[in-house]
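Observations on chain architecture
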Amino acid sequence: MQVHPPHVDPATRGAIALEHAHLAHNYDPLPVVIANGQGAWVTDIEGRRYLDFLAAYSALNFGHGHPALIEAASAQLGRLTLTSRAFSNDQLGPFAAALAELAGKELVLPMNTGAEAVETGIKVARAWAYRVKGVPQDAASIIVARGNFHGRTTTIVGFSDDPGAHDDFGPYGPGFVSVPFGDADALAAAITPDTAAVLIEPIQGEAGVLIPPEGYLRRVRELCTEHGVLFIADEIQTGLGRTGHTFACEREGVVPDLYLLGKALGGGIVPLSAVVGDAEVLGVIQPGQHGSTFGGNPLAAAIGVRVVQLLAAGTLQKRAQLLGTRLREGIEPLIGHGVTAVRVAGLWAGVDIDPRLGTGRHISEMLLARGLLVKDTHGQTIRLAPPLVIRSTDLDWALEQLHLVIEGEAARADSGQAPAHAVG
Ligand SMILES: *Cc1c(COP(=O)(O)O)cnc(C)c1O
């Protein structure tokens, strides 16, 4: 296969320059300009194909243009797209019923983005603390984990310890206590009578697919139950099939009080998020106390109900498990040969690149030139998260590219040469 950095082409250069000139620089995208997508593959504006191994951070679990989802969206598009919640619509009820059943819970509160689901979870936990638990007004606290990523709103970045996400956006809201991720004893020590909730990702995605020690989620569940504290699982990235389960909490057979869902819930077509829980918790929110103009709109609900149907069949979860084993077996041999550590959960992996090879960004650019789209996180880590519908032969092809790039760069580092710049 030819190795081709896309940015050398004039049309790509022009499109990137246009974005750079007119967009706030809150992202630093890899230099490829995508125009089409089908399944696990995308095509750039010059007709070159790439395998999408990021899948919009798991928002594209079902791949680009999934026929059932496109059909549901197209049919609804011509009928009705928005009513606001001032009125009922015929799509929202079926969506909520299906999602509640999938999660084994009673109620759904629909929003749009993941960060809104997190904000909703925080509001629900606080209202529950005052109205049900009896915590004194404005004293409720929520325990979060270090290394967390829960979104970009001002409340949420206030309890992030990633300087890029956090710094210079204060003053930060009070009411959050942070403990090391994966350390149940530290969590136990942080619980007080005023603790409303524990908010964690079952696996920390943005931090680099960090998997807590076996038994951690069970201890979190036990501690929350014992102390009358809500367990809020942010499954926005881990949920909906990615780890080989509908919810990553199932890895330890644990059920949280609230699921926060987003990303893949909208089928990669629309933003759709939700908080899912039982009436004794979610029921604390009364009319007028929370809402969103677009939350629960019929277009999103029509897509969401198809997403839930796809997951209820269970085949994608099985596929993620099966292909996940193949992914693990494909990348683990790289440990000690350009890779320092690998963490795999279902069809999801964090791969730590040996710093001698260069940064995760450098490796991402080398892979881009070979037609494989991945994205680095936190310097040395690349995260692998292809659509769950990926063909096994395509997965094997991706593993081949990873081996070629990482072994090639390891050999170069061994010979003392500086990294060649795949992308200038
Ligand atoms: C992406 C993500 C969010 C935020 O979702 P947005 O739709 O980008 O607001 C929150 N929590 C986790 C775990 C995520 O991965």
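All of the points below concern the structure found in this document. (Residues numbered from 1 in each chain as written. Predicted model: local features only at pLDDT ≥ 70, side-chain atom pairs only at ≥ 80, totals over all residues. Heavy atoms only, no water.)

1. Structural notes on the side chain of Arg 242
- With respect to the secondary-structure elements, Arg 242 resides in the loop between strand E8 (230-234) and strand E9 (258-261).
- Lacking a salt bridge, the buried Arg 242 has Asp 52 as its closest oppositely charged neighbour, with an N-O distance of 8.4 Å.
- For Arg 242, the side chain forms a polar contact with the main-chain oxygen of Pro 386, separated by 2.8 Å. (Helix = DSSP H or I, 4+ residues; strand = E, 2+ residues; numbered from the N terminus. Buried < 20%, exposed > 50% of the residue type's maximum accessible area, 1.4 Å probe, protein only. Lys, Arg positive; Asp, Glu negative; His and termini not counted. Salt bridge = Lys/Arg side-chain N within 4 Å of Asp/Glu carboxyl O. Polar contact = N/O pair within 3.5 Å; in protein donor to acceptor, adjacent residues only side chain to side chain.)

2. Some remarks on the pairing of strand E10 (residues 273-277)
- Judged by how many residues are buried, E10 sits mostly within the fold: five of five residues are covered.
- In E10, alternate side chains face the same way, and those of Ser 273, Val 275 and Gly 277 on one face and Ala 274 and Val 276 on the other are all buried.
- Both strand E4 (residues 107-111) and E10 contribute to a ladder of five bridges, which runs antiparallel. If you follow Met 111 over to E10, its bridge partner there is Ser 273.
- Pairing analysis gives four bridges linking E9 to E10, with the strands arranged antiparallel. Counted as the bridge partner of Tyr 259 is Val 276 from E10. (Pairing = 2+ DSSP bridges.)

3. Considerations on the nonpolar core
- Within the largest apolar cluster, 64 residues are counted, with the highest numbers of intra-cluster contacts made by Phe 53, Leu 99, Leu 327, Ile 331 and Leu 384.
- Formed jointly, this core draws a minimum of three residues from each of two domains, domain 1 (10-65 + 316-415) and domain 2 (67-313).
- Of all hydrophobic cores here, the second largest spans 31 residues; its members include Val 144, Phe 176, Leu 230 and Leu 260. (Core = buried A, V, L, I, M, F, W, Y, C linked by side-chain atoms within 4.5 Å. Domains from an automatic or database assignment.)

4. Focus on helix H9 (residues 216-227)
- Its twelve residues place the ends of H9 16 Å apart at the C-alpha level, agreeing with the 16 Å of an ideal helix rising 1.5 Å per residue.
- Every buried residue of H9 is accounted for by Tyr 216, Leu 217, Val 220, Arg 221, Leu 223 and Cys 224. Along H9, the residues classed as buried sweep out an arc of 165° about the axis, all on the same side. Away from its buried face, by an angle of more than 90 degrees, H9 presents the exposed residues Thr 225 and Glu 226.
- Taken together, the buried residues of H9 touch helix H8 (184-190), strand E7 (195-200) and E8. (Expected span 1.5 Å × (residues − 1). Arc of directions from axis to C-beta. Contact = heavy atoms within 4.5 Å.)

5. Re the pattern of salt bridges
- Under the definition given, this model contains 16 salt bridges.
- Close ionic contact of Asp 352 with Arg 343 constitutes a salt bridge, the shortest N to O distance being 2.9 Å. Each of the two residues, Asp 352 as well as Arg 343, counts as buried.
- In this structure, Asp 376 and Lys 375 form a salt bridge, with 3.5 Å as the shortest nitrogen-oxygen distance.
- Each of Asp 9, Asp 44 and Arg 48 takes part in one network of salt bridges that share partners.

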